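Structural description and commentary
What follows is the residue order along each chain.
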Amino acid sequence: MRAGPPPPSLPTLSRTDPAYLATLVLTALNSIATGVVTSGIFFLTRQGYGFSELQNYLLAAVIGITYVLGAAGAGPLVRWLRAHLCTRTLVLGLLVAMAGLCALPAWAGPWVVWVLVALYSPLAGTLWPIVESYVSGGRAGEILRKGIGTWNVVWSASLVVAYLAIAPFCEAYPAATLLVLGGVQLVSTTALVWLPREPLAHGPAHVPEPAAPSAGSGEDVHLLAAFRFLLPTSYMVLTVLGPFLPSAMERLGIARELQTVVATAWLLPRALAFAGLAGWHEWHGRWWFPAVGGTLLVGGFALAMGASWLATGPAGVVLLVLGLIGFGLGMAAIYKGALYYVMEVGQSEVGAGGSHETLIGLGYSVGPLLGLGAAAAVQRGWLAAEDLELGVLVPTAVLGVAGLAYAWRIGHRRVRSRSG
């Protein structure tokens with residue numbers, strides 16, 4: 001009897017694996033573009049187009065609502081399109097469309113920024129679950145953690161580079177900056193040559209996962225539940241902070257050309273934390289990890305938001321930077337845990353990545369609404385302009401603490417059920 005072909009080997013994390021390297025290149029280049037358009041655009045609109053805080057929060061709401069629509073539809077869209085074209089071709093189409101949208105502000109006035117984000121954000125919400133499925137496909141356990149760890153370092157470090165690169169151009173050349181970002185996305189399409197037509201299915205890794213007393217599939221499910229609540233909480237906090245930072249930095253006297261540089265005070269610690277977590281796995285299966293991450297997130301946010309209200313000049317800048325550092329570390333812990341557990345429990349499929357990105361989109365949607373309420377209250381005279389920080393900080397902190405409490409309750413309930 002003739003033996004059939006051997007099953008394809010599962011991927012390792014070799015630095016010479018062309019598909020692995022291509023995924024990282026694709027991630028790096030598109031993180032530069034999507035990171036600025038969906039998170040850093042508030043510096044472009046504030047400095048280059050003169051948007052108010054109210055307009056920036058409204059823009060953030062448009063980004064969040066459309067992003068969640070794209071992320072939620074990623075899995076069904078890919079399944080439907082597989083009857084007509086492969087996943088790699090779908091990625092090519094997304095990248096070309098997103099690059100074209102980045103060219104719009106070069107041909108029209110500031111109003112077209114609204115069109116740009118409304119169309120670009122759902123495409124980004126569709127793109128990243130697919131990329132995540134390429135990153136995690138065929139991996140499990142320790143190999144999956146290493147793969148996700150390296151990928152987190154790449155995309156987060158790329159965003160630091162992006163913020164530093166756009167710093168001199170936000171005020172004078174906002175449209176040209178977006179045009180260049182679109183060019184970066186076009187260049188990234190060359191990496192698709194080395195990607196397989198479809199991401200690999202979820203499977204066991206080469207290296208067996210050592211048994212751990214606190215780990216296991218049941219524990220992972222409970223940890224996933226906690227992180228699935230913390231993840232939208234973290235992005236709710238981020239989207240409150242993001243549109244607010246440009247005006248807060250102006251009140252602290254930070255020069256406009258340095259504002260995106262100062263903003264890396266949370267981006268760089270996040271990237272460094274990802275690098276540390278990529279090689280250190282003691283957080284897996286541990287309930288202290290989401291607790292520490294959530295505490296850093298809310299505490300860092302509160303300090304950064306209140307910096308311009310608590311102090312002025314250099315003292316205020318120091319408080320802002322310290323708050324951003326804590327915030328970045330908390331973001332790293334929550335994102336790392338949420339993505340790992342959803343891909344481990346969700347079998348590394350596009351739908352699993354889509355649920356991860358959908359939760360991000362929910363946070364993207366709720367956060368700006370809190371900022372919109374405070375900014376609108378200032379415009380109507382219901383809240384003094386100098387108290388805007390408090391008007392945004394208080395409701396966001398309350399919801400953030402509620403998120404932490406609920407995640408702790410999940411863990412506490414799990415511990416009690418084990419002890420009983």
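Just so you know, these numbers come straight off a predicted model, no measurement behind them. (Residues numbered from 1 in each chain as written. Predicted model: local features only at pLDDT ≥ 70, side-chain atom pairs only at ≥ 80, totals over all residues. Heavy atoms only, no water.)

**Points about the overall build of the chain**
- Of the regular secondary structure elements, the chain holds 12 helices and 0 strands.
- Along its sequence from the N terminus, the chain presents helices and strands in the succession α-α-α-α-α-α-α-α-α-α-α-α.
- When contacts within the chain are restricted to residue pairs at least 6 apart in sequence, long-range pairs at least 24 apart make up 86% of them. (Helix = DSSP H or I, 4+ residues; strand = E, 2+ residues; numbered from the N terminus. Contact = heavy atoms within 4.5 Å.)

**Overview of the nonpolar core**
- Ranked by internal contacts, the top residues of the largest apolar core, which has 117 residues, are Ile41, Tyr120, Trp151, Leu320 and Phe327.
- Per-element tally for this core: the top contributor is helix H7 (residues 217-251), with 16 residues.
- Not counting chain neighbours up to four residues away, the residues in contact with isoleucine 41 comprise Val36, Leu59, Ile63, Val113, Leu116 and Val117. (Core = buried A, V, L, I, M, F, W, Y, C linked by side-chain atoms within 4.5 Å. Buried < 20%, exposed > 50% of the residue type's maximum accessible area, 1.4 Å probe, protein only.)

**Regarding the packing of aromatic side chains**
- Following the criterion strictly, the structure yields 16 aromatic pairs and no others.
- Ring geometry for tryptophan 288 against phenylalanine 289: centres 5.9 Å apart, planes inclined by 85 degrees, an arrangement best described as edge-to-face.
- The partly exposed category is assigned to tryptophan 288, whose relative accessible area is 40%.
- Connected via pairs of aromatic rings, a cluster forms that spans Phe227, Trp280, Trp283, Trp288, Phe289, Tyr340 and Tyr341. (Phe/Tyr/Trp six-rings, centres within 6.5 Å; stacked < 30°, edge-to-face > 60°.)

**Section: the environment of glutamate 257**
- Summarising the element assignment, glutamate 257 is placed in helix H8 (residues 256-279).
- It is 9.1 Å that separates the C-alpha atoms of glutamate 257 and isoleucine 166, two residues lying 91 residues apart in sequence.

**A word on the pattern of salt bridges**
- Tallying each qualifying case throughout the model produces 5 salt bridges.
- We note a salt bridge from arginine 256 to glutamate 171, for which the minimum N-O separation is 3.5 Å. Here arginine 256 is found in helix H8, whereas its partner glutamate 171 is found in the loop between helix H5 (141-166) and helix H6 (174-188), with 85 residues between them in sequence.
- Ionic contacts of the salt-bridge type, sharing partners, join the residues Arg46, Glu171, Glu250 and Arg256 into one network. (Salt bridge = Lys/Arg side-chain N within 4 Å of Asp/Glu carboxyl O.)

**Remarks on the packing of helix H1 (residues 18-48) against helix H2 (residues 53-81)**
- Look at H1 against H2: their axes get within 10 Å of each other, and the N-to-C directions meet at 160 degrees. As far as their axial angle goes, H2 and H1 are roughly antiparallel. Where H1 crosses over H2, the handedness of that crossing is right-handed. Within the contact between the two elements, H1 uses Val37, Thr38, Ile41, Phe42, Thr45 and Arg46 and H2 uses Glu53, Asn56, Leu59, Ala60 and Ile63.
- Considering only residue class, the contact of H1 with H2 consists of 6 nonpolar, 3 polar and 2 charged. (Axes fitted to C-alpha atoms, helices over the stretch in contact; angles between N-to-C directions. Parallel < 35°, antiparallel > 145°, perpendicular 65-115°, else oblique. Left-handed = near helix turned anticlockwise from the far one by under 90°. Nonpolar A, V, L, I, M, F, W, Y, C, P; charged D, E, K, R; others polar.)

**Description of the packing of H8 against helix H10 (residues 313-345)**
- Closest axis-to-axis distance for the H8/H10 pair is 7 Å, and the angle between their directions is 35 degrees. Note on packing geometry: the crossing formed by H8 with H10 is right-handed. The segment H8 lies against H10, with Val262, Ala265, Trp266, Pro269, Arg270, Ala273, Phe274, Leu277 and Ala278 engaging Leu320, Val321, Leu324, Ile325, Phe327, Gly328, Leu329, Met331, Ala332, Ala333, Tyr335 and Lys336.
- Across the contact of H8 with H10, the residue classes break down as 18 nonpolar, 1 polar and 2 charged.

**Quick word on the environment of leucine 159**
- As for its position among the elements, leucine 159 is in helix H5.
- When the C-alpha atoms of leucine 159 and glycine 40 are compared, they prove to be 9.2 Å apart, with 119 residues separating the residues in sequence.
- With residues up to four places along the chain from it excluded, the contact list for leucine 159 reads Ser31, Gly35, Val36, Leu267 and Arg270.

**Regarding the confidence of the model for the chain**
- For the chain, per-residue confidence averages 83 on the pLDDT scale, and residues scoring 70 or more make up 86% of the total.
- Here residues 1-15 is a poorly scored stretch, pLDDT under 50, and it has 20 contacts once near neighbours within four places are set aside; other chains count.
- Residue range residues 347-354 is modelled with pLDDT below 50. Its contacts to residues more than four positions away, or to other chains, number 27 contacts. (pLDDT = per-residue confidence, 0-100.)

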